[in-house]
Amino acid sequence: MPEFQAPVGTRDVLPPESARWERLIGLFAGRVGRAGYGLVVSPMFEDVGVFERVGEATDVVRKEMYDFEDKGGRHLALRPEGTASVVRAWVQHRPTLPFKAWYAAPSFRYERPQAGRYRQHHQLGVEVLGSADPDLDVEVIALGWGLYDDVGLSRVRLLLNSLGDATCRPGYLDALKTYLLEHRDKLCDEHKTRIDDNPLRVLDCKRPACVGVTERAPRMVDHLCDECAAHFDRVKSGLGELGIAYDIEPRLVRGLDYYTRTTFEFQAPALESAQNGIGGGGRYDGLAEQLGGPPTPGIGFGIGIERVLLACDAEGVFAAPTATADVFVVDVTGEAALKLVQELRNAGVAADRAFGGRSMKAQFKLADRSGAQVAVVVGPDELDRGIAKVRPLRGTGEEEEEVKLEELVDHVKKRLGTP
RNA sequence: GUGGCCGUAGCUCAGUUUGGUUAGAGCGCCAGGUUGUGGCCCUGGAGGUCGGGGGUUCAAGUCCCCUCGGUCACCCCA
């Protein structure tokens, strides 16, 4: 083992794996860009209060916060998720509404790592502030759905729920509390004491004891006020219009406290590990106000890059593209390659070469491995005559031919079909 | 935070049960076979604090303790 390794729960993404990241992020950027979303780059750490304000009763904040004190005595935290940061940025700068943002950024949670779970993971996400229109909920969900489609995932489940709003949720919480208190002795130890704290969290508990109780618990979807019910109905019908299949999951409450109305989660059943959630989000109509802004509706999601790629592995799709050169310059004299690759690259051709005065045989080996279609060979004889030899490497049956150096770039481009 | 399993070459692993000369293999890498031509083949080479520390012993990769790391699971989440 080397003396220094990546810290616990973090990892390095190197080629060729990193090429999938490039493609995935590129697909997402293209998709949300076409939908009018703009990139937001916000700090990886915030005043710890930003996150405490929005999730004081959640595990993400109570147990998993990656926080520290800086040299100036400020209590900061690496962001555990993307939404709070983006909403804080909106509150601070107040760009005009609707504010449609996307990001590709790391998040941090201090947990024990396991399959599909890291202390630093990366999320693709969008956030929209300024509209309560249920069609927007559908648009946002469709953006996530579309990304899974882009990468070729065919088995993605969409779980959908509504958590109501300030009108109907209090009444529901009372009903839920009453029910849970009646069955308190049957709950798991942790949740026997958390009913008052945040009864919704009990619905999220996966322990058999709690599940046995919550299976028959009152459901928010049965307690929605007229407005929330109408909103939810429109989200469902809108998803239907787009051909997006969903399952209603009345116990889906998600890990953060700020959600209102629509919540959703994307799962990849192909993942056999415990973590099969590959994305999730929801509406948070009270969050901007909690962070000191005016009452402003909002909605967004986060998609875990690592988990999406794991799901792709499980389905055998979205393989790593191999980076290939178009041309490999084999230079016997060591005098020609520097300028030739520069000219080729400037002309838009992917050109590579060997360094270190390698033997011709070694250079050809590298040329072969580079994936190049042709090798450009120059030695003393060619330099004297002002030519290069262009040799096909992929067994296309073509002959090696001699090309004048001043015509080389055009010849290679024509041969490769590069515009 | 709790628990199971695992740490030997760049990678995948054998060797640990029953302690015993200079720790092996395949792949990869480098060179040569071909003084200017890749893939296939042949030959050779480089590369190891056996995760780290301590202990037992004439002797430790092998046994004991501690520790660090990896992995999987619980809880929760992307």
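## Remarks on the protein's contact with RNA strand B
Surveying the vicinity of RNA strand B reveals 54 residues, the closest of which are Arg109, Arg117, Asp204, Arg307 and Leu393. Restricting the count to atoms of RNA strand B within 4 Å of the protein gives a sugar and phosphate share of 56%. One nitrogen or oxygen atom from the main chain of Tyr118 is found 3.2 Å from a base nitrogen belonging to RNA strand B. Interatomic distance of 3.1 Å between a side-chain N/O atom of Glu400 and a base oxygen of RNA strand B. Every element with two or more residues in the surface near RNA strand B is listed here: strand 6 (120-129), helix 7 (189-192), helix 8 (199-204), strand 10 (277-283), helix 14 (360-369), helix 15 (380-385) and strand 15 (387-392). The dominant element in the surface near RNA strand B, judged by the number of residues it contributes, is helix 14, at seven residues. Per-class residue counts for the surface near RNA strand B are 15 nonpolar, 14 polar and 25 charged.

## Looking at the nonpolar core
One finds Leu24, Tyr37, Val126, Val140, Leu153 and Ile278 to be the most contacted residues of the largest nonpolar core, which totals 88 residues. Top element by residues in this core is helix 5 (residues 134-151). It accounts for nine residues. In this structure Leu24 touches Leu124, Leu147, Val151, Ile305, Val308, Leu309 and Phe318, once residues within four positions along its chain are discounted. Counting 18 residues, the second largest nonpolar core, distinct from the first, contains Ala337, Leu340, Leu344 and Val409.

## Here we look at the domain arrangement of chain A
With domains assigned, chain A is organised as domain 1 (17-168 + 224-315) and domain 2 (327-416). Between the C-alpha centres of domain 1 and domain 2 the distance comes to 49 Å.

## Describing the packing of helix 2 (residues 48-55) against helix 4 (residues 83-93)
Two numbers describe how helix 2 lies on helix 4: the axes approach to 10 Å, and their chain directions differ by 110 degrees. On the basis of their axis angle, the class for helix 2 and helix 4 is roughly perpendicular. Residue-level inspection shows Val50, Phe51 and Val54 of helix 2 in contact with helix 4, the latter providing Ala84, Ser85 and Arg88. By residue class, the composition of the contact of helix 2 with helix 4 is four nonpolar, one polar and one charged.

## Digging into the pattern of salt bridges
Any two side chains of opposite charge can pair, so long as their charged atoms come close to each other. What the rule picks out here adds up to 27 salt bridges. Measuring nitrogen to oxygen at the nearest pair gives 3.4 Å for the salt bridge that ties Glu139 to Lys100. Note that Glu139 is positioned in helix 5 and Lys100 in strand 5 (residues 99-108), a separation of 39 residues in sequence. With a closest N to O distance of 2.6 Å, Arg385 and Glu402 form a salt bridge. Pair noted here: Arg385 is in helix 15 and Glu402 is in strand 16 (residues 401-404), with a separation of 17 residues, a long-range link. With relative accessibility at 44%, the residue Arg385 sits in the partly exposed group. Given the relative accessible area of 43%, Glu402 is considered partly exposed.

## Concerning the sheet that holds strand 15
Taken in spatial order, the five strands of this open sheet run 13-12-14-15-16, and their pairing is mixed. Among the strands making up the open sheet, the edge pair consists of strand 13 (351-353) and strand 16. When strand polarity is set aside, the average angle formed by the axes of neighbouring strands in this sheet is 30 degrees. With five bridges connecting them, strand 12 (residues 327-331) and strand 14 (residues 374-378) associate as parallel partners. Residue pairing for strand 14: Phe328 is matched across the bridge by Ala375. Together, strand 12, strand 14 and strand 15 form the strand contacts of helix 14, whose direction differs from that of strand 12 by roughly 175 degrees.

## Let's talk about unusual backbone geometry
Of note, the amide linkage connecting Pro15 to Pro16 takes the cis form, showing an omega dihedral of 0 degrees. A cis amide bond, omega -5 degrees, links Leu97 with the succeeding residue Pro98. Along the polypeptide, Pro98 turns up in the loop between helix 4 and strand 5. Located in the positive-phi region is Arg94, a residue other than glycine, with phi close to 55 degrees. With respect to the helices and strands, the residue Arg94 is situated in the loop between helix 4 and strand 5.

What counts and how
- Here the residue numbers are simple positions, counted from 1 along each chain's written sequence.
- Each chain gets a letter, beginning with A, and each ligand a number, beginning with 1, in the order they are written.
- A pLDDT threshold of at least 70 governs which residues receive local features in this predicted model, and a stricter bar of 80 or more applies before side-chain atom pairs are shown or counted, although totals over entire chains, interfaces and linings include all residues.
- Side-chain numbers come from the whole structure's heavy atoms, not from hydrogens or water.
- Nearness is defined per residue: one heavy atom within 4 Å of the molecule or strand is enough.
- Polar contact criterion, stated in full: a pair of N or O atoms within 3.5 Å, where within protein one must be able to donate a hydrogen and the other to accept it, and residues adjacent in sequence count only if both atoms are side-chain atoms.
- Numbered from the N terminus, helices here are DSSP runs of H or I no shorter than four residues, and strands are runs of E no shorter than two.
- Three classes are used: nonpolar for Ala, Val, Leu, Ile, Met, Phe, Trp, Tyr, Cys and Pro, charged for Asp, Glu, Lys and Arg, and polar for all others, with Gly counted as polar.
- In these notes, a set of buried Ala, Val, Leu, Ile, Met, Phe, Trp, Tyr and Cys residues joined through side-chain atoms within 4.5 Å is what counts as a nonpolar core.
- Working definition: with a 1.4 Å probe on protein chains only, accessible area under 20% of the residue-type maximum means buried, over 50% means exposed, and in between means partly exposed.
- Any pair of residues with heavy atoms lying within 4.5 Å of one another is described as a contacting pair.
- The split of the chain into domains comes from an automatic or database domain assignment.
- The axes used here are C-alpha line fits, helices contributing only the stretch in contact, and every angle between their N-to-C directions lies in the interval 0 to 180 degrees.
- Under this scheme an angle from 65 to 115 degrees is roughly perpendicular, one under 35 degrees roughly parallel, and one over 145 degrees roughly antiparallel; angles in between are oblique.
- Here a salt bridge means any side-chain nitrogen of Lys or Arg lying within 4 Å of a carboxyl oxygen belonging to Asp or Glu.
- Two strands qualify as a pair provided DSSP detects at least 2 bridges between them.

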